[in-house]
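Coordinate analysis (summary)
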Amino acid sequence: MKLVVVSAGLSVPSSTRLLGDRLAAAVVGRVPAAAPAEALAEGPVAVEVVELRDLAVEIAHNLTTGFPGPALRAALDAVASADGLVVVTPVFSASYSGLFKSFFDVLDRDALGGKPVLIAATGGSARHSLVLEHALRPLFAYLRAVVVPTGVYAASEDWGAEGLAERIERAAGELAGLMSGLAGRRTVPPVPSAAPVPPALSVPSVPSVPSVASEVASSGGGRESAAGLVPAAAPSAGVGRVRAGAFEVVPFEQQLAALRPE
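Heads up: these notes are all about the structure in this document. (Residues numbered from 1 in each chain as written. Predicted model: local features only at pLDDT ≥ 70, side-chain atom pairs only at ≥ 80, totals over all residues. Heavy atoms only, no water.)

A short note on the pairing of strand β3 (residues 84-92)
The line we're drawing: Each residue gets one of three labels from its accessible area relative to the maximum for its type: buried under 20%, exposed over 50%, partly exposed in between, using a 1.4 Å probe on protein chains only. Numbering goes from the N terminus for both helices and strands, where a helix is a DSSP run of H or I of at least four residues and a strand is a run of E of at least two. Here, strands pair whenever DSSP counts at least two bridges between them.
Within β3, 8 of the 9 residues are buried, which leaves the element mostly enclosed by the surrounding structure. Bridging between strand β1 (residues 2-7) and β3 involves 5 bridges; their strand directions are parallel. Counterpart to L3 in the pairing with β3 is G84. Where β3 lies against strand β4 (residues 95-96), 2 bridges are found, and the strand directions are antiparallel.

Concerning unusual backbone geometry
The omega torsion of the bond from V12 to P13 falls at -5 degrees, within 30 degrees of zero and hence cis. Positioned with a positive phi, S93 is a non-glycine residue whose angle comes to about 50 degrees. In this structure, S93 sits in the loop between β3 and β4. A relative accessible area of 75% places S93 in the exposed class. In this model, A94 sits at a positive phi of 65 degrees, which is unusual for a non-glycine residue. Locating A94 in the fold gives a position in the loop between β3 and β4.

A look at the environment of L85
The line we're drawing: Working rule for contacts: check all heavy atoms of both residues, and any pair within 4.5 Å makes them a contact.
By secondary structure assignment, the location of L85 is in strand β3. What makes L85 buried here is its relative accessible area of 0%. Taking the C-alpha atoms as reference points, L85 and P116, separated by 31 residues in sequence, lie 6.4 Å from one another. The contacts of L85, once residues within four sequence positions are left out, are L3, V4, V79, L112, K115, P116, V117, L118 and L175.

Below, the structure written as structure tokens:
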């Protein structure tokens, strides 16, 4: 399996890179316990680090020309082929850095579909910890990545303090479980296809039998309509009167004459 760490730290040394390295080490330590034996047949987890600071110029050229340079192309391919990602950014103006966002802007929009991602950030104050939820998580949800439930934020006062190590271990365990599950699915042998179903026996068609209504209509006993068989109208004793079944239709003139006094 392959784990790629994307670090957007700008300084050397960088607390952003330090957090990415600690997360990667925790994930590597958790994968053998979570992965099936078939998933580890190719060897231990390989870790590759992508330092965006070294790719800043090529990222800018790609945004203006649409063509990545060789180093940027290698980094994009590494991210697309990874089994899991650890992405770490410093907090600039209460959000991720522009360099971090620009890298994922030039990444193919389908490269992260279904890929497990652990989000992390560093900042000078704990007041920026919600950057994980209002900036990073929506970004990778839009890219259709599978973001682990636990994000890791490290403020300046968190280094060496209580709580950071536990958050790192919890997030690393979640990412290792997702990576191992996906790797195990790829190693499961395919299910043999079912035997072909024989074609259904053909049933000979039955000749149609004329209905009683059509026979009556053809013999002059009535006419066929959408509502069914209507009896043929027979003239009544009165002039102009028409009988249809149990009903007798009397013209209006005759009804009016019957009302006049004699």
